[in-house]
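# Report on the structure
Listed below, chain by chain, are the residues.
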Amino acid sequence: MKTRSAFTMIELVFVIVVMGIIGKFGVEFLAQAYKSFIYSNVNNALLSKSASAVEFIGSRLQYRIKDSVIARNGTGGAVVGLGSASGTSFSVLEWVSMDIDGYRATTAPNWSGIADLDPGQALGLIESPATNTGAISALIAQLSDDSTKSVNDAALYFIGSNSDVQTGYGWNGALGDQTGAMHPINATGTPTQFTPAVGTLTGIDVYEYYKLAWTAYAIEHNGDDLILHYDYQPWNGDSIANGDSKTAIIMEDVNTFQFTAIGEIIKIQVCTQSDIIDGDNDGTGYSLCKEKTIF
C-alpha cells in the first residue's frame, strides 16, 4: 500500500487560489470595517462638538435683553439690527444680557427687579425694595474675575420702555445721559438704592420693573474658532473692537456660524469640521451642523 508524503501540485495551486480569494475579501472587509469605525467616530465627535457649541450659545442668549441683539461683519463692523441680518456675511452676534446669576443668587435675589415709583421719590434716586447692591458688587467682581468691577459698572433696563438698538445700548459709544434704553447706575450708601451714573432722570420714563445688566456678550466666528466675548459694558464705552472684553474659545474647527431672527426668535447654526475624512472628495474635509432655536 502506497502512502502520501506531500501535497500534489494541483492541491497546492488550489490552496493558494483559495487563500488569495479569502485574503482579498478579508482585507476589503477589514478595511471597510475600519473605515466605518472612523466615520462613526468622526460623526459622533462632530455632532457632540456642534451640539455643545449651540447649547452653550443658547444658554446665554435666552437671558438676552431682546431688543439689544445686533450683528456685525467683523468685530469693528457697523451695527445691524438682528432682523436685518442673515446669511454668512455676519461673523459677530452681540447682545446685552440680564444679570441672571444675581437675580437667582443663593437664598434670595441680589436685585428684585422692582423700582419704587413713589411720586415723592427724588428724581436722582431709584429705590429698589429687597435689593442688595453690596451683594451685586461682590458677585460681579467674582464673575468678571476683577475686584475693581462692581454695581457701578452696571445699568438698568426698564421693561416696557421704547428702545433704539442703534443708540440705546451703547453699541456706537458711551451713553452720556439717561435717554437710552440702558440707564447706567451707581450705588449709594443704602443697599436698596441706585443713582444715575450719568445725567439725571428728569423727564425720563421710569417703569416699575427693570432688569439689571453688568455685561454684554458677543459670539465671534474668527477663522476656524468660535470665540466668546464677555465682561464689557457698551453703555460705558467698551467695545470688542478695542479689546475691552475678556475672551474664551468656545469651539475650534468651526467652518460655519450662522444666525437669523423671526421677530424675537433667534435661530443659530454651528458646523464643525474634521480633516480626517473628506466626505465630498473635494479637499475641504467633512463637516456636520447643529441648529437651535432660542425663544
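Residues numbered from 1 in each chain as written. Predicted model: local features only at pLDDT ≥ 70, side-chain atom pairs only at ≥ 80, totals over all residues. Heavy atoms only, no water.

### Some words on the environment of K66
Summarising the element assignment, K66 is placed in the loop between α1 (9-61) and β1 (70-72). On the accessibility criterion, K66 (38% relative accessible area) is partly exposed. Between the C-alpha atom of K66 and that of S97, which follows or precedes it by 31 residues, the distance is 8.7 Å. When near neighbours in sequence (up to four residues on either side) are disregarded, K66 contacts E264 and F295. (Helix = DSSP H or I, 4+ residues; strand = E, 2+ residues; numbered from the N terminus. Buried < 20%, exposed > 50% of the residue type's maximum accessible area, 1.4 Å probe, protein only. Contact = heavy atoms within 4.5 Å.)

### A word on the nonpolar core
Counting 25 residues, the largest nonpolar core has I57, L93, L226 and I268 as the members making the most contacts within it. Only α1, β3 (92-97), β9 (215-222), β10 (225-230), β11 (246-251), β12 (254-262) and β13 (265-274) provide two or more residues apiece to this core. Ignoring anything within four residues of it in the chain, the contact list for I57 reads I219, L226, I250, F257, I268 and V270. (Core = buried A, V, L, I, M, F, W, Y, C linked by side-chain atoms within 4.5 Å.)

### Focus on the sheet that holds strand β8 (residues 210-213)
Strand order in this open sheet of five strands is β4-β7-β6-β5-β8, and the pairing throughout is antiparallel. Every other strand in the sheet has two partners, leaving β4 (126-127) and β8 as the edge strands with one partner each. Strand direction decides the pairing type here: β4 and strand β7 (residues 193-196), joined by two bridges, are antiparallel. Looking at the pairing, E127 lines up with Q193 of β7. (Pairing = 2+ DSSP bridges.)

### Section: the confidence of the model for the chain
Overall, the prediction assigns the chain a mean pLDDT of 86, with 85% of residues at 70 or greater. Of all secondary-structure elements in the chain, the lowest mean pLDDT belongs to α1, at 76, while β8 reaches the highest, 97. (pLDDT = per-residue confidence, 0-100.)

### Description of the pattern of salt bridges
Tallied over the full model, the rule gives seven salt bridges. In this structure, K292 engages E55 in a salt bridge whose closest nitrogen and oxygen atoms are separated by 3.4 Å. With a gap of 237 residues between them, K292 in strand β14 (residues 286-294) and E55 in helix α1 connect regions that are remote in the sequence. Between E291 and K267 there is a salt bridge, and its shortest N-O distance comes to 3.3 Å. Of this pair, E291 sits in strand β14 while K267 sits in strand β13, placing them 24 residues apart in sequence. Here E291 falls in the partly exposed class, since its relative accessible area comes to 46%. A single salt-bridge network, built from bridges that share partners, covers K149, D231 and K246. (Salt bridge = Lys/Arg side-chain N within 4 Å of Asp/Glu carboxyl O.)

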